[in-house]
Amino acid sequence: SPATIAKQSHMTVVVWGHIADGNAHINIITPGKYEKDDVLSKHIETTVYDAVLERRGSISAEHGLGQSKNEYLGQIKEKSVLDVMSGMKALFDPHGIMNPGKYLPSSNRHD
C-alpha cells in the first residue's frame, strides 16, 4: 500500500482532493531529498494506479493526461472509447502534428 511504501522509504504522503467529484491528488515527498528517484517514482505510480484499477476508478488530470499517464489509459478505457478518441484526434489533426503522443497512448490496445 502507499502507506507501507511511505513508512519504509521515510516519505510523507499528502492526499487532498475534491469531495464533490471524488478526485484525489497525491503528493509524496522525502524530507531532505530533492532529487527525483525515477525507480521509486515508477514503483509508487504503479502501486497507485493498480489500486485505482482494482477499484474500477479512472485517471485524469486537470491539465490533461500529458505524457506521464497516457500509458494507463488503455487499461481504464474500453478499446471502443479509445478508437473514438483516436478518430476525433485524426479528424482534427490528420497529420499528427498537434502534441503527438501527449494524450492518447501510442497503442490503443485494451489489455
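Note that the coordinates shown come from a computational prediction; the quantities given were computed from them, not determined experimentally.

J.: Honestly, the side chain of T47 in this entry has me stumped. Any pointers?
T.: Along the chain, the position of T47 falls in helix α2 (residues 38-54). At a separation of 2.9 Å, a polar atom in the side chain of T47 contacts the main-chain carbonyl oxygen of H43.

J.: When you look at the environment of G17 in this model, what are you seeing that I'm missing?
T.: Among the secondary structure elements, G17 is positioned in strand β1 (residues 12-18). Here G17 falls in the partly exposed class, since its relative accessible area comes to 43%. In this view, G17 contacts N23, A24 and H25; residues no more than four positions away in its chain are not counted.

J.: I keep staring at the pattern of salt bridges and nothing clicks. Help me out?
T.: Pairing is possible between side chains of opposite charge, provided their charged atoms come close. On inspection of all chains with the given rule, the structure shows four salt bridges. Note that D38 and K36 form a salt bridge whose closest N and O atoms lie 3.9 Å from each other. Here D93 ties to K89 by a salt bridge, and the two come within 2.5 Å at their closest N and O atoms. Look at D93 and you get buried, because its relative accessible area is 6%. Given a relative accessible area of 31%, K89 falls into the partly exposed group.

Procedures and definitions
- Residues numbered from 1 in each chain as written.
- Predicted model: local features only at pLDDT ≥ 70, side-chain atom pairs only at ≥ 80, totals over all residues.
- Heavy atoms only, no water.
- Helix = DSSP H or I, 4+ residues; strand = E, 2+ residues; numbered from the N terminus.
- Polar contact = N/O pair within 3.5 Å; in protein donor to acceptor, adjacent residues only side chain to side chain.
- Buried < 20%, exposed > 50% of the residue type's maximum accessible area, 1.4 Å probe, protein only.
- Contact = heavy atoms within 4.5 Å.
- Salt bridge = Lys/Arg side-chain N within 4 Å of Asp/Glu carboxyl O.

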